[in-house]
Amino acid sequence: MNMMKSELNNKITQVHWQPLKKLLAPEEDKQQALIGFDDEFIDIVDYIIRITHRIWEQKNIGLCYQYYSDICPVFTLGGYSECVEEVVQNTLKTIAAFPDRSLIGENVIWKEDKDNTYYSSHLITSIMTNTGNSDFGLATNKTGRVTTVADCVCFENKIIKEWLVRDNSFLIAQLGIDLIDAAINFAKLIPNNTFNTWYADEYNRVQQTDHRLALPLTKLNWSVDNFVHSWAQTIFNQKQFSTLIDFYHVVASHQWPGGRKSTGLAQISGTLIQWLAQCPNAKITLDHIAVVNVDETTIDIALRWSVAGTYTPHTARLAMLKGNRFFVLGCTHLRVKNQKIIKEVTVFDEISLYANIIRESGMSLPLLQEGA
Amino acid sequence: MFNKLIELYSRGDMDTLSSSILHSSSWKQHDFTAFGNMQIEKLWLKSLEQFGFSTVIKKQIVAAEQFSTIYLELLNEQTNQDVALSFFLEHNNIHIKRIHCIVDTVKLAHLLNKTPTQMIAELPSPDPLLLSQFDHQKHPQSYHATPADICNMPKKIEHIIGQWWSILQDKQFTNFETIYHKDAEINIAGFDTKQNYAALRKFQLKLHNRINRNYCQLEQMCFDEKQGTVGILWHMDGDYIESDAVKRVRIPVISLLRLNEELIVEETFQVDWLALCRSFNLPYPIVCTA
């Protein structure tokens, strides 16, 4: 697993309070070496923000050829793609179905590695109107909002690897599409062999986690690395919810997929208990950690993680899927102030989560309109 | 920043307020969150159509770093009806990152001469909200946020606000007598006339009894020493039970308190009742005013 970069640099672009106009025309001097990148980019955040704007908001889809390597593995819970041609085609299809899609960059958390690669975790809010047919079904002509995290490895001006997660269940709730119906439809899409191998390998890897190992967090051993590993181990692997106070501020805000919004310890505890109860033997691994500082007391942490276990349905419509493999690829952005989380945004694709379970079961489930 | 908001509603000045809005700013109103200029301007246009170009007849502010609150009463001189709005802002004195606007939609319905049902139908679709059940009890070793956890205030003010929060979270109703001035002026959204604290106490009792297993959660606070005002963004989660059916609901509230000589002399309790009805498909009224 990659470790975080210990040296923190607060001269790198911070998105939070910046007007878009300034983000698109930075006047600061170059802050990072960015070997092999175009000279115009002053740091990795600038690179990510500006290429995203050019490709998506200016609709220069062909720029993917410039900013993605020819072979670029893209991992999502819904499928795997490998070459830039697929990136271009998928981007075009999405823009056609959602022509006014805007990508609002909320944050970019990054890490510089010794091999001149940069890891960026880009938190995006998109507003888009579904005027065309899409993987979700026929056009709904409704406008929706969705949170996405794109984790990218960038090297010499190109994205060479990507993990993409989107809160699709929140989006379809606004479009008036039922979550289980969407999952049944997604389950009919047959993923390629690389996806199937990755899915099986990842499931097995996460299952081997030693979930009983105690990773206590104290004031004396506090570091970002210890903090996030203790957070994952204590809350997700060991389900010790009274320890939330060790990790979260008492009014921490907590956004999880599908419209789960909580504030404070009691509500966060409820959200996690209800979610984990559908996979009570869930184990989590942290697969990447990046951290940047915001100010003297505040840091932002980006986590990419995986959860694996056995599905125990709470929904009557999925009751027959009990015992199937439950696997999630997720990303979390944490804002930590004075060593406590004050804001968490966690993103994963619930539609693909259930679609994969349905597909693996080999069962044919009825849609709502079919009498489910 | 406050003036820019006032100019929007009194003169329709969208440009000036737009200059304080970022590409990544959000504006929550009627439990719908608009992101970015396109969606935010659409909300403004609707508000201007409904109650724009009106006169400010009352303004109460809590000006502070990072978070601020403003309460406005706007009079439509043609109909002689007013509407009340509360705003809770996250800002850096240049830009607004996040704004939560709560409109008294019951008053707005009166202003527009609409029934609550008609008004509810006109509100935007609310954000999807998936509320999880949780343990709402205050166990001996569990910790629940108090005002002192999130806002720096002088000790005497902190004590009063702590007692104020204890009424809501601990249902400690004796505190009314110790922290409110006997002539305190109370504005509760949905009520036509100014109330006193006895009416607020009665209202809160009805609310607690209506929303079962309820839990009050602080979100953010701000304190303005100069004005003697405090703004609190908070919400109540609980079960709304009707005909044995249980609906988990969340009621967002902005409270604005004004203190004088260590007593609360004025309070606004701002809730968008009709947005709440729309969000959870509830009948109006949720709490009877009588």
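Residues numbered from 1 in each chain as written. Chains lettered and ligands numbered in written order. Predicted model: local features only at pLDDT ≥ 70, side-chain atom pairs only at ≥ 80, totals over all residues.

### Examining the overall build of chain A
Let me state the cut-off plainly: Numbering of helices and strands starts at the N terminus; helices are DSSP runs of H or I of at least 4 residues and strands are runs of E of at least 2. Computation of the radius of gyration draws on C-alpha atoms alone. For the globule rule, the value is 2.2 Å times the number of residues to the power 0.38. Exposed residues have 12 or fewer other C-beta atoms within 10 Å of their own C-beta, buried residues have 20 or more, and partly exposed residues fall in between, where C-beta atoms are placed from the backbone. Whether two residues are in contact is decided by their C-beta atoms, placed from the backbone, lying within 7 Å.
Helices and strands together make up the secondary structure of chain A, namely 11 helices and 12 strands. Relative to the globule expectation of 21 Å for 372 residues, the C-alpha radius of gyration of chain A, 20 Å, shows essentially globular dimensions. Seen through its principal axes, chain A has C-alpha atoms that stretch 60 × 50 × 35 Å. In chain A, buried positions account for 46% of the 372 residues. Sequence separation of 24 or more characterises 64% of the internal contacts of chain A that already satisfy a separation of 6 or more.

### Focus on the overall build of chain B
A tally of helices and strands in chain B yields 10 helices and 11 strands. What you see for chain B is a C-alpha radius of gyration of 18 Å, in line with the 19 Å of a compact globule of 290 residues. Seen along its three principal axes, the alpha-carbon backbone of chain B occupies a region of about 50 × 50 × 35 Å. Split into buried and exposed, the 290 residues of chain B put 44% on the buried side. Partitioning the contacts of chain B with sequence separation of at least 6, the portion at a separation of at least 24 is 57%.

### Quick look at the interface of chain A and chain B
Selection criterion: Only Asp, Glu, Lys and Arg are considered charged in this grouping, and only Ala, Val, Leu, Ile, Met, Phe, Trp, Tyr, Cys and Pro are considered nonpolar; every other residue, Gly among them, is considered polar.
Tallying the contact residues gives 29 residues for chain A and 29 residues for chain B. Taken together, the elements giving at least two residues each to the side of chain A that touches chain B come down to β3 (102–112), β4 (118–129), α5 (168–175), β7 (248–256), β8 (260–263) and α10 (264–276) of chain A. Here the side of chain A that touches chain B gets eight residues from one element, more than from any other, and that element is α10 of chain A. Looking at the side of chain A that touches chain B residue by residue, the class counts come to 12 nonpolar, 13 polar and four charged.

### What to know about the confidence of the model for chain A
Caution applies to low-pLDDT parts of the model: their predicted coordinates are not meant to be read in detail. Heads up, the condition is: pLDDT expresses how confident the predictor is about each individual residue, on a scale running from 0 to 100.
Across chain A, the average pLDDT comes to 94, with 97% of residues at 70 or higher. In this model, residues 1–7 of chain A is a region of pLDDT below 50 whose contacts with residues beyond four sequence positions or in other chains number 14 contacts.

### Some details on unusual backbone geometry
Residues and elements named next belong to chain B. The residue after Tyr 284, namely Pro 285, is reached through a cis peptide bond having omega 0°. If you trace the backbone, Pro 285 turns up in the segment after α10 (273–280). A positive phi angle, close to 70°, is found at Gln 66, a residue other than glycine. Along the chain, the position of Gln 66 falls in the loop between β3 (55–62) and β4 (67–76). One non-glycine residue, Arg 213, lies in the positive phi region at around 50°. Owing to 15 C-beta atoms within 10 Å, Arg 213 belongs among the partly exposed residues under this scheme.

### Describing the sheet that holds β3 of chain B
All names here are of chain B. Selection criterion: What makes two strands pair is DSSP finding at least two bridges between them. In this description, a line fitted to the C-alpha atoms serves as the axis of each element, helices being fitted only across the stretch in contact, and the angle between N-to-C directions of two axes falls anywhere from 0 to 180 degrees.
One open sheet holds the six strands; their spatial order is β2-β1-β6-β5-β4-β3, and the pairing between them is mixed. The outermost strands of the open sheet, each flanked by one partner alone, are β2 (32–35) and β3. Taking each pair of neighbouring strands and ignoring which way they run, the sheet shows an average axis angle of 20°. The pairing of β4 with strand β5 (residues 81–91) spans 10 bridges and is antiparallel. By the bridge assignment, Phe 67 is partnered in β5 with Glu 90.

### Let's talk about the domain arrangement of chain A
Residue and element names in this part refer to chain A. The condition is simple: For the domain bounds, the source is a domain assignment made automatically or taken from a database.
When cut into domains, chain A gives domain 1 (20–196) and domain 2 (206–363). Of all the secondary structure elements, the ones that give two or more residues to the side of domain 1 that touches domain 2 are β1 (71–76), β3, β4, β5 (143–155), β6 (158–166), α5 and α6 (179–187). Broken down by element, the residue count for the side of domain 1 that touches domain 2 peaks at seven residues, all from α6.

### A word on the nonpolar core
What counts, and what does not: We define the nonpolar core as any set of buried residues of the types Ala, Val, Leu, Ile, Met, Phe, Trp, Tyr and Cys, connected via C-beta atoms lying within 7 Å of each other.
Grouped together as the largest cluster of nonpolar side chains are 187 residues, with contacts concentrated most on Trp 110, Ala 183 and Ile 301 of chain A together with Leu 274 of chain B. If near-sequence neighbours (up to four positions away) are discounted, Leu 274 of chain B is found in contact with Thr 105, Val 106, Ala 109, Pro 116, Met 119, Ile 120, Leu 123 and Tyr 284 of chain B.

### Describing the domain arrangement of chain B
All names here are of chain B. Partitioning chain B into structural domains gives domain 1 (2–122) and domain 2 (147–280). Summarising the inter-unit geometry, the C-alpha centres of domain 1 and domain 2 are found 21 Å apart. Of all the elements in the fold, those that place two or more residues in the side of domain 1 that touches domain 2 are β3, β4, β5, β6 (96–103), α4 (105–111) and α5 (116–122). Considering each element in turn, the side of domain 1 that touches domain 2 owes the most residues, four residues, to β4. Residues belonging to the side of domain 1 that touches domain 2 are distributed by class as follows: 15 nonpolar, seven polar and two charged.

### A word on the confidence of the model for chain B
Taken as a whole, chain B shows an average pLDDT of 95; of its residues, 99% reach a score of 70 or greater. Our summary of model confidence lists the complex with pTM equal to 0.97 and ipTM equal to 0.96.

### Quick look at the sheet that holds β4 of chain A
Residues and elements named next belong to chain A. Taken in spatial order, the six strands of this open sheet run β2-β1-β6-β5-β4-β3, and their pairing is mixed. Across the chains shown, the open sheet's two edge strands, defined by having one partner strand only, are β2 (79–83) and β3. If you compare each strand with its neighbour and ignore which way they point, the axes differ by 15° on average. When β1 meets β2, the two strands line up antiparallel, connected through four bridges.

### Examining the environment of Ile 96 of chain B
Residues and elements named next belong to chain B. Checked against the element boundaries, Ile 96 lands in strand β6. Judged by the 23 C-beta atoms lying within 10 Å of it, Ile 96 is buried. Measuring from C-alpha to C-alpha, the distance between Ile 96 and Ser 18 comes to 9.7 Å, with 78 residues separating the pair along the chain. In this structure, Ile 96 is in contact with Met 1, Ser 20, Ile 21, Ser 25, Leu 89 and His 91, ignoring residues within four places of it in sequence.

### Thoughts on the environment of Glu 7 of chain B
For Glu 7 of chain B, the position within the fold is in helix α1 (residues 2–11). Since 15 C-beta atoms lie within 10 Å of it, Glu 7 of chain B is described here as partly exposed.

### A look at α10 of chain B
All names here are of chain B. With respect to burial, α10 is a largely interior element, seven of its eight residues being buried. Taken together, the buried positions of α10 are Trp 273, Leu 274, Ala 275, Leu 276, Cys 277, Arg 278 and Ser 279. Looking at the buried positions of α10, the neighbouring elements they touch are α4, α5 and β10 (245–260). Backbone geometry just after α10 places Asn 281 at a positive phi near 55°.

### Structural notes on the pairing of strand β8 (residues 211–224) of chain B
Residue and element names in this part refer to chain B. With 11 of its 14 residues buried, β8 lies for the most part within the structure. One ladder, built from 11 bridges, connects β8 with strand β9 (residues 229–242); its direction is antiparallel. Bridged to Met 221 within β9 is Ile 232. Adjacent in sequence and paired antiparallel, β8 and β9 are bridged by four residues, among which Gly 228 carries a positive phi angle near 70°.

### Points about the packing of α6 of chain A against helix α11 (residues 350–361) of chain A
All names here are of chain A. Basically, it comes down to this: By definition in this entry, angles of less than 35 degrees are roughly parallel, angles greater than 145 are roughly antiparallel, angles of 65 to 115 are roughly perpendicular, and the rest are oblique. Put simply, a crossing is left-handed when the front helix is turned counterclockwise from the back one by less than a right angle, and right-handed when it is turned clockwise.
Put simply, α6 and α11 touch, their axes get as near as 8 Å, and they point 55° apart. Taken as axis vectors, α6 and α11 run oblique relative to one another. The handedness of the crossing between α6 and α11 is right-handed. Residues Leu 179, Ile 180, Ala 182, Ala 183, Ile 184, Phe 186 and Ala 187 of α6 form the contact with α11, whose own contacting residues are Glu 350, Ile 351, Ser 352, Tyr 354, Ala 355, Ile 358 and Arg 359.

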